[in-house]
Amino acid sequence: MSVVALAAIGMTVFVGSLISGVFGIAGGMIMLGVLLVFFDVPTAMVLFSLLAATANAWRVASWWRHINWRILWGYATGGFIATVLMAFIAFVPSKAMVYLLLGLIPYLIELLPRDRHPNIEWNGMAFFSGLVTTAIQLVAGNGGLLLDVFFQKSLIDRKTTVATKAICGTVGNLARMFYFGAVAGIDESIPWWTFVPAAMLAIAGTMVAPYILERMSDQDFRRWTRQLIFIVSAVYLVRAIWLFWAATD
């Protein structure tokens, strides 16, 4: 792999972790999208899971006191059941399908009437969100956008939102890593020592994030999250169309 490619991946890891640290979402979409340019789907999924889990672990440690534990346990239970069920299917998507799903999910969610959006604080909703979001993660690679829907109607403040979504995201990252590692395996030619500097960049991005988050209001937090998601989604839809077109050319 060229120096330019490594630099691009390193910068993406840092920026993606920074964005996820601030908004609790969207950074993973960016990171996974770039990794898919350089690696096959299973390898990109496992690498993304390792890096995202590292960044999430640091974020969890930073915001530990803000975690909503009731939501976590319900989410983790649903996520475990989804992983077991998906393991029997052993489905591995193509790159074009991953980009398509990453791009479409936010727009499909937007079609849902606001008054019909679920609330993560409702009884049983944490379990349901873990079940559905983890299943989406194992197909599209990233279910953070769907998870965000469950938080939008809640009265949870931005710090509790970021902290709880970070630890729930860690559950999803571990599920995705073991799923793709077991079902399809990864490219063994990748030098694993490169994970160390990548992990350090992920942690660095996460460490910078609180300084930005502290200066945002809850209103700005939700507004910028929404705009960022749709920008990234539009780029991935274009990428998916290009890959489908190239496959039929």
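Check the entry above for the structure.
### Some details on the overall build of the protein chain
Scanning the protein chain from terminus to terminus reveals 10 helices and 0 strands. Across the protein chain, helices and strands are ordered from the amino to the carboxyl terminus as α-α-α-α-α-α-α-α-α-α. The globule rule puts the C-alpha radius of gyration for 249 residues at 18 Å, and the 17 Å found for the protein chain is close to it. Once the C-alpha set of the protein chain is aligned to its principal axes, its extents read approximately 45 × 35 × 30 Å. When the 249 residues of the protein chain are sorted by exposure, 52% land in the buried category. Counted over contacts in the protein chain with a minimum sequence separation of 6, partners at least 24 positions apart contribute 85%. Of the roughly 11,700 Å² that the protein chain leaves accessible, carbon and sulfur atoms contribute 72%. The averaged location of the 12 negative side-chain charges in the protein chain is 6 Å from the averaged location of its 16 positive side-chain charges.

### Considerations on the side chain of Thr133
In this structure, Thr133 sits in helix α6 (residues 125–140). Looking at Thr133, its side chain comes within polar contact range of the main-chain oxygen of Ser129, at 2.7 Å. The residues contacting Thr133, other than those within four sequence positions of it, are Tyr75, Gly143, Leu146, Leu147 and Phe150.

### Structural notes on the packing of helix α1 (residues 3–23) against helix α3 (residues 41–62)
Relative orientation of the contacting elements α1 and α3 amounts to 40 degrees, with a least axis distance of 10 Å. One element, α1, and the other, α3, form an angle in the oblique class. Considering how the two elements wind past one another, α1 and α3 form a crossing that is right-handed. Between α1 and α3, the contacting residues are Val13, Ser17, Ser20 and Gly21 on the first element and Leu51, Ala55 and Arg59 on the second. Residues of the contact of α1 with α3, tallied by class, amount to 3 nonpolar, 3 polar and 1 charged.

### Structural notes on a nonpolar patch on the surface
A contiguous nonpolar patch, built from Phe80, Ile81, Val84, Leu85, Phe88, Ile89, Phe91, Met97, Phe127, Phe128 and Phe244 and spanning about 1,100 Å² of accessible area, is present on the exposed surface. Elements represented by at least two residues in the nonpolar patch include exactly α4 (69–89) and α6. Per-element tally for the nonpolar patch: the top contributor is α4, with 6 residues. Summarising the element assignment, Phe244 is placed in helix α10 (residues 218–248). Residue classification places Phe244 among the partly exposed residues on the basis of a relative accessible area of 38%.

### With respect to the packing of aromatic side chains
This structure, assessed with the given rule, holds 7 aromatic pairs. With 6.2 Å between their ring centres and 65 degrees between their planes, Phe128 and Phe150 make a pair best called edge-to-face. Of this pair, Phe128 sits in helix α6 while Phe150 sits in helix α7 (residues 144–152); the two residues are 22 residues apart in sequence, bridging distant segments of the chain. Take Phe150: its relative accessible area is 3%, and that puts it in the buried class. In this structure, Lys165 packs its charged tip against the face of Phe151, placed 5.9 Å from the ring centre.

### Comments concerning helix α5 (residues 95–111)
For α5, spanning 17 residues, the distance from its first C-alpha to its last is 25 Å, which sits close to the expected 24 Å at 1.5 Å a residue. At Leu104, α5 is bent by approximately 30 degrees, the largest bend along its length, and proline Pro106 sits one to four residues beyond. In the core, the buried residues of α5 are packed alongside α2 (27–38), α3, α6, α7 and α10.

### Some words on helix α8 (residues 158–183)
The terminal C-alpha atoms of α8, which comprises 26 residues, lie 36 Å apart, in line with the 38 Å expected from a rise of 1.5 Å per residue. Burial runs high along α8: 19 of the 26 residues are buried. The residue sitting at the N-terminus of α8 and contributing the capping side-chain oxygen is Asp157; that oxygen lies 2.9 Å from the backbone nitrogen of Lys159.

### Observations regarding the environment of Ser20
Residue position: Ser20 is located in helix α1. Along the chain, Ser20 and Ala184 lie 164 residues apart, while their C-alpha atoms are 27 Å from each other.

### Topic: unusual backbone geometry
Here the phi dihedral of Ala90 falls at roughly 55 degrees; this positive angle occurs in a residue that is not glycine. Examined against the element boundaries, Ala90 turns out to sit in the loop between α4 and α5. Classification of Ala90 by relative accessible area gives partly exposed; the value is 37%.

Analysis parameters
Residues numbered from 1 in each chain as written. Predicted model: local features only at pLDDT ≥ 70, side-chain atom pairs only at ≥ 80, totals over all residues. Heavy atoms only, no water. Helix = DSSP H or I, 4+ residues; strand = E, 2+ residues; numbered from the N terminus. Rg over C-alpha atoms; globule rule 2.2 N^0.38 Å. Buried < 20%, exposed > 50% of the residue type's maximum accessible area, 1.4 Å probe, protein only. Contact = heavy atoms within 4.5 Å. Areas by Shrake-Rupley, 256 points an atom, 1.4 Å probe, with all protein chains shown as cover. Lys, Arg positive; Asp, Glu negative; His and termini not counted. Charge placed at Lys NZ, Arg CZ, Asp CG, Glu CD. Polar contact = N/O pair within 3.5 Å; in protein donor to acceptor, adjacent residues only side chain to side chain. Axes fitted to C-alpha atoms, helices over the stretch in contact; angles between N-to-C directions. Parallel < 35°, antiparallel > 145°, perpendicular 65-115°, else oblique. Left-handed = near helix turned anticlockwise from the far one by under 90°. Nonpolar A, V, L, I, M, F, W, Y, C, P; charged D, E, K, R; others polar. Patch = residues over 30% accessible without salt bridge, like charges linked within 9 Å, V, L, I, M, F, W, Y side chains within 5 Å. Salt bridge = Lys/Arg side-chain N within 4 Å of Asp/Glu carboxyl O. Phe/Tyr/Trp six-rings, centres within 6.5 Å; stacked < 30°, edge-to-face > 60°. Lys NZ or Arg CZ within 6 Å of the ring centre and 35° of its normal. Expected span 1.5 Å × (residues − 1). Bend = angle between axes of the 7 residues up to and from the residue.

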